[in-house]
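The chain contents come next:
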Amino acid sequence: KIYTQLLRKKILIIKYKGFSSAEAYLRRIHPYHLKQYNNRWFLFGWEESENYTGITNLALDRIITISETIDDIIPNEVDWADYFDEMIGVSRPNDKEAVEVKLRFSATRIPYVITKPIHGASQRLDRNDPEERTIILNLLPNYEMYQAILAFGSDVEVLGPQEVIEKMKGFTETMNNFYN
């Protein structure tokens, strides 16, 4: 149904219940793109509301109802082929720029990371590491990026930038407190 709405290019009124919302609420969306990430589908589009105006994404499984309007959408100006190049997942922070994230892996884990990249579009081996255990990623720091790094546990060390190191320190300090 949503794919058909994308083709019709009409504004949608979507009743949506976010995971942190107590109640469902209405959102006015100009639908542009569907994407699957982590076994979940997301609708991307332009939203017009009192609280936010811009590109947003909605998890399809949190949509309660969809109503089509007779109003045409604002033409899509996003190149969806490039939109996800600097990010992991679907959460695109509006106030961030891509940063060069350096990750140093254990000797046992680096072969896995090389053969199954964290982010194929930007991942490269750091030529300054004589042990060839450091990779560089150009990414927008978002929740999914931190989740991907944390999945490697003690097999990875963040070497930079400082903002990512500090965020990781916060996560690991919190985790450490769980076990002390």
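Turning our attention to the sheet that holds strand S9 (residues 156-160). Spatial strand order, S7-S8-S6-S9: four strands in an open sheet with antiparallel pairing. Both edges of this open sheet fall to strand S7 (124-125) and S9, since each of them pairs with a single strand only. Sheet topology note: the S7/strand S8 (residues 134-139) ladder contains two bridges and is antiparallel. From the neighbouring strand, arginine 124 faces S8, where its bridge partner is isoleucine 136.

With that settled, the discussion passes to the confidence of the model for the protein chain. In this model, the protein chain carries an average pLDDT of 94, and 100% of its residues clear a pLDDT of 70 or more. Per-element mean pLDDT across the protein chain ranges from 89 in helix H1 (residues 2-8) up to 98 in S9.

Here the focus is helix H5 (residues 162-178). With 17 residues, H5 should reach 24 Å at 1.5 Å per residue; the first-to-last C-alpha distance of 25 Å fits that figure. Of the residues making up H5, those classed as buried are Val164, Ile165 and Met168. Axial view of H5: buried residues confined to an arc of 95°, hence all on one face. Away from the buried face of H5 by more than 90 degrees, exposed residues Glu173 and Asn177 are located. Considering only its buried residues, H5 is in contact with strand S6 (99-105), helix H4 (143-150) and S9.

On to a nonpolar patch on the surface. Together, Met175, Phe178 and Tyr179 make up a nonpolar patch on the protein surface, roughly 420 Å² of accessible area in all. Topologically, phenylalanine 178 is positioned in helix H5.

Cut-offs used in this document
Residues numbered from 1 in each chain as written. Predicted model: local features only at pLDDT ≥ 70, side-chain atom pairs only at ≥ 80, totals over all residues. Heavy atoms only, no water. Pairing = 2+ DSSP bridges. Helix = DSSP H or I, 4+ residues; strand = E, 2+ residues; numbered from the N terminus. pLDDT = per-residue confidence, 0-100. Expected span 1.5 Å × (residues − 1). Buried < 20%, exposed > 50% of the residue type's maximum accessible area, 1.4 Å probe, protein only. Arc of directions from axis to C-beta. Contact = heavy atoms within 4.5 Å. Patch = residues over 30% accessible without salt bridge, like charges linked within 9 Å, V, L, I, M, F, W, Y side chains within 5 Å. Areas by Shrake-Rupley, 256 points an atom, 1.4 Å probe, with all protein chains shown as cover. Salt bridge = Lys/Arg side-chain N within 4 Å of Asp/Glu carboxyl O.

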